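Listed here are the chains, written in short residue letters.
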Amino acid sequence: MSQIIDRRAAGKNKSADNRRRFLRRFRTQIRKAVSDAVSDRNIDDLDRGEKISIPARDLTEPVFQHGPGGIRRQVHPGNKEFSTGDRIPRPKGGGQGNGGSGASDQGEGLDDFVFELTREEFLNFFFDDLALPDMVKKQLTALPDTKKARAGFSRDGSPANLHVVRSFRSAIGRRLAMGAAPRRELMALEEALSQLEEKGETETLEALALRAEIETLKKRIQAIPFIDTFDLRYTNQIDKPEPTSQAVMFCLMDVSGSMDEVRKDIAKRFFMLLHLFLTRNYERIEVVFIRHHTVAKEVDEDDFFHSRETGGTVVSSALAMLANIMDERYPTTAWNIYVAQASDGDNFVDDTPRCGKLLTKRILPRVQYFAYVEINALSPQSLWREYTRIAAGADNFALRRIDGEAEIFPVFRDLFRRQPA
Amino acid sequence: MSDKWLSSGSDWTFELLEKYDQAIGALARDFGLDTYPNQIEVISSEQMIDAYSSVGMPVGYHHWSFGKAFMSTQKNYQRGNMGLAYEIVINSNPCIAYLMEENTMTMQALVIAHACYGHNSFFKGNYLFRTWTDAEAILDYLVFARGYVAQCEERYGEERVELLLDSCHALMNLGVDRYKRPAPLSMVKEEQRLREREEYLQLQINDLWRTLPPSPDVASNRKKSERFPEEPQENLLYFFEKHAPRLEPWEREIVRIVRKIAQYFYPQRQTQIMNEGWATFWHYTLLQTLYEQGRVNDGFMFEFLQSHTNVIYQPPFDHPAYSGINPYALGFAMYRDIQRICTEPDDEDRHWFPDLVDSDWRESLDFAMRNFKDESFIAQYLSPRLIREFHLFAIEDDDQEPELKVTAIHNDEGYLKVRRTLADQHNLGNREPNIQVYSVDRYGDRSLTLRHYQSNRMPLGETTSEMLKHVVRLWGYDVRLESVDPKGNIVESQVCKANPDIRH
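In this numbering scheme, every chain counts its residues from 1 along its sequence in written order. To read the labels, note that chains go from A and ligands from 1, taken in the order they are written. At least 70 in pLDDT is required for a residue's local features to be given in this predicted model, at least 80 for side-chain atom pairs to be given and counted, and no such filter applies to totals for whole chains, interfaces and linings, which use all residues.

**Comments concerning the interface of chain A and chain B**
Short version of the rule: We call two residues in contact when their backbone-placed C-beta atoms lie within 7 Å. Three classes are used: nonpolar for Ala, Val, Leu, Ile, Met, Phe, Trp, Tyr, Cys and Pro, charged for Asp, Glu, Lys and Arg, and polar for all others, with Gly counted as polar.
Facing the 52 residues of chain A at the interface are 80 residues of chain B. Tallied by class, residues from the side of chain A that touches chain B come to 18 nonpolar, 19 polar and 15 charged.

**Some remarks on the packing of helix H7 (residues 158–170) of chain B against helix H21 (residues 464–475) of chain B**
All names here are of chain B. Selection criterion: Helix axes use the C-alpha atoms of the stretch in contact, all axes being lines fitted to C-alpha atoms, and the angles between their N-to-C directions lie in the range 0 to 180 degrees. Working definition: helices are DSSP H or I runs of at least four residues, strands are E runs of at least two. Numbering for both runs from the N terminus. These descriptions rest on fixed angle ranges, namely under 35 degrees for roughly parallel, over 145 for roughly antiparallel, 65 to 115 for roughly perpendicular, and the rest for oblique. When the near helix sits turned anticlockwise from the far one by under a right angle, the crossing is termed left-handed; a clockwise turn instead gives a right-handed crossing.
Two elements in contact, H7 and H21, have axes whose closest approach is 9 Å; the angle formed by their N-to-C orientations is 120°. What the angle tells us is that H7 and H21 run oblique. As H7 packs across H21, the resulting crossing turns out to be left-handed. Contacts between H7 and H21 involve Leu163, Asp166, Ser167 and Ala170 from the former and Met467, His470, Arg473 and Leu474 from the latter. Residues of the contact of H7 with H21, tallied by class, amount to 4 nonpolar, 2 polar and 2 charged.

**Quick word on the nonpolar core**
What counts is decided by this rule: Definition of nonpolar core: a set of buried Ala, Val, Leu, Ile, Met, Phe, Trp, Tyr and Cys residues joined via C-beta atoms within 7 Å. Three exposure classes are used. Buried residues have 20 or more other C-beta atoms within 10 Å of their own C-beta, exposed residues have 12 or fewer, and partly exposed residues fall in between, all C-beta atoms being placed from the backbone.
Ranked by internal contacts, the top residues of the largest apolar core, which has 151 residues, are Ile24 and Ile254 of chain B. Counting residues per element, this core draws most heavily on helix H4 (residues 105–125) of chain B, at 12 residues. Excluding its chain neighbours within four sequence positions, the residues that come into contact with isoleucine 24 of chain B are Ala109, Ile112, Ala113, Tyr117 and Leu286 of chain B. Grouped together as the second largest cluster of nonpolar side chains are 55 residues, Leu252, Leu273, Ile363 and Val367 of chain A included.

**Details of unusual backbone geometry**
Residues and elements named next belong to chain B. With an omega of 0°, the peptide bond running from asparagine 93 to proline 94 counts as cis. Residue placement: proline 94 occurs in the loop between strand S2 (87–90) and strand S3 (95–100). The backbone phi angle of arginine 446 is positive, close to 65°, even though this residue is not glycine. The exposure class assigned to arginine 446 is partly exposed, which follows from the 16 C-beta atoms found within 10 Å. Phi angles above zero are rare outside glycine, and asparagine 456 is one such case at about 55°. Mapped onto the fold, asparagine 456 is located in the loop between strand S7 (448–453) and H21.

**As for the packing of helix H17 (residues 374–381) of chain B against helix H19 (residues 415–425) of chain B**
All names here are of chain B. Contact geometry for H17 and H19: axes closest at 8 Å, N-to-C directions at 170°. Comparing their axes, H19 and H17 come out roughly antiparallel. Side by side, H17 and H19 meet where Glu375, Ile378 and Ala379 of the first sit next to Arg419, Arg420, Leu422 and Ala423 of the second.

This is how it looks when you write it as structure tokens:
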């Protein structure tokens, strides 16, 4: 009469489509939450999911309801001291008075709606802001590839990996080993028999016994299995992560008074994206932060983004420091070097030629890529002109002027074109 | 271990499930429970969350609100804020019950007794389910609905379908026929009829909304004051499906789908206490009988009783966990009480329930299960003894009075009043605003007038303006909502204008 079915193996993700619809429907709110989350994150910390919270009132599904007011009659359990005709002051908040009508039954109506975005979903929202083309998004979102590499042979594996030659070789070895003793015995017996036959004693009892024994031995040797599960060998394969080299990423930023929070935020996204790109291609990445106004200083990330100083701007101070750190800690033989520089374009005019010299002589020959962004600059100044001149002669130097987040990506286009990942 | 025990550990296996199901099923038949065949499906907790978020429909069309439900359930479950229900049971033939793999053997046995024999026999026996739902056809219909919605999304775009579904869902509670029996569902028929229907319907609508001036003799026959609809219509979705001027055929079909599903769930909303009480009564009775026969051991019973008592706990009104009457508690207590009145009546029972006293309790319970809904069940069977046990008291909250008034408690004068009030409280018609289609300005601006028939001066809540937007989306022209007091005076009125650019 009853039928019992095991459904556990059946499709799990029945709600995946509904979830996708939910994310699409509330993309505006979610994008804002993602954007806030990005601002709070470290730049090497982009690559994970996030707990997102959006106001619950944005996603209510309304129905016609009674509002407060009118006459309500309700029965409640647990009477202790009331008798008929008693009058009770109205409880605050109207909880009792409205109890039973839809409104208060919904309980947690006012809290924010909190849920987890997966890593992919989070990155997709992040990329939406940056206007990344799909192909690049895919490259960035994909998990690091592993490559199958051969690693000797093993005794177990899938039939597809069966190594025929090896298996036969060990079968032969086993047959030899197992047959050695009986064969030696056989040879001895045959020797004895042929001696008897030479004497002409072919039909004696002794000879007959010998023949019978030879027969059993031959059968024993024949009974040794041609191939046995014991002989099987499989090619052994292990997963080897694809990116194997290491890289260092220098973040240079002008922190003089003219770089305000908005500009810093754009700069941060620019750094984040570069970092993410590098994580896809290199196994190990170090990040060095250098900030500068008139003098440069190596700092940690927090200081980098959050301290504000005033004063003039001497870009060469940062470039000189960059060159020195490369000399000391990151020899090009062991490191791929990337530099990202963000600034509002201000520089002390006499300093610009020095920057040019530092770049062409000491920096560009050693770096994989140097990206410069000028954020919300008023009009091109001496630094921009100098850099433009240098870019014309170097293929690992890219520069852009950007007014908003969506313009960050074009800087990377060159990068991706040069380096098919 | 005794030979008679069905099992002794807490782990379940498929063989044990079968053994328990057979034992419980045989007992249920002895007690006279009439059920659909059972289809018991073992699922994982993730699948349970899936089933949850689609309101228990085993196949459903896609919509963001189900995604939202899924995500909030998943979050609460992962954080440990809530356990999952032990079971979900679907009113279909065969009756599908989901068992979660994490449950212990005891819990699985409880669920089998509760869902596969309790709920199942209720679905098959209760008059509301027999009248309003079609257990044979619901699965087919849901498959049809899912396919149809997906097809519309492909043709007209996800967003358009989604907005339409939003509006339909908002009006779902006003999409049921309360008194008229619906035609039985059939997937094949639905599909066959679809194409002819779409064309035909559009013709009908066009005729109703003919913009050419009618020929003079027709016009003279038609009185200007002729009302449309002739009678107020309580089923808003049905009215829109048939008469909304600007819906396209596929949109009408989607309105119809939501309406059919609303109709299918309507009896469940009216029989919470009866249905849960019935299932709880039977899991208790069946497992208790197994124990009395020595077929389950003490450990089994301890675990069972612990979760059983949790389920039927009724916190008092001043308890922090209080959120109204617990339908499991009240329902269970009422069925037990009926059983008691039949078998061990006292003088009070002889006075209040002369028909029940000394009758066969199985027959009396069966009669009660078949022929009532929550409202009438309470009005018929709530005994003074239970009112005393629950310490029930009635409160009147009148916004024109400064204080609340206790109108009745558990004493001789109060019994009837408490019972009447509690019954009214479970009348869906009282809980939800009564809103009906009142009239359509057919020869003017095509605006629609809805009427909210107020009871006890209760006004509409703050969602109303949002809701009117949904009504406008379906109707396509201006919508007016009037609140009317029992004397027929309009006490409040709101208008929601249609945005002429919103469509097409």
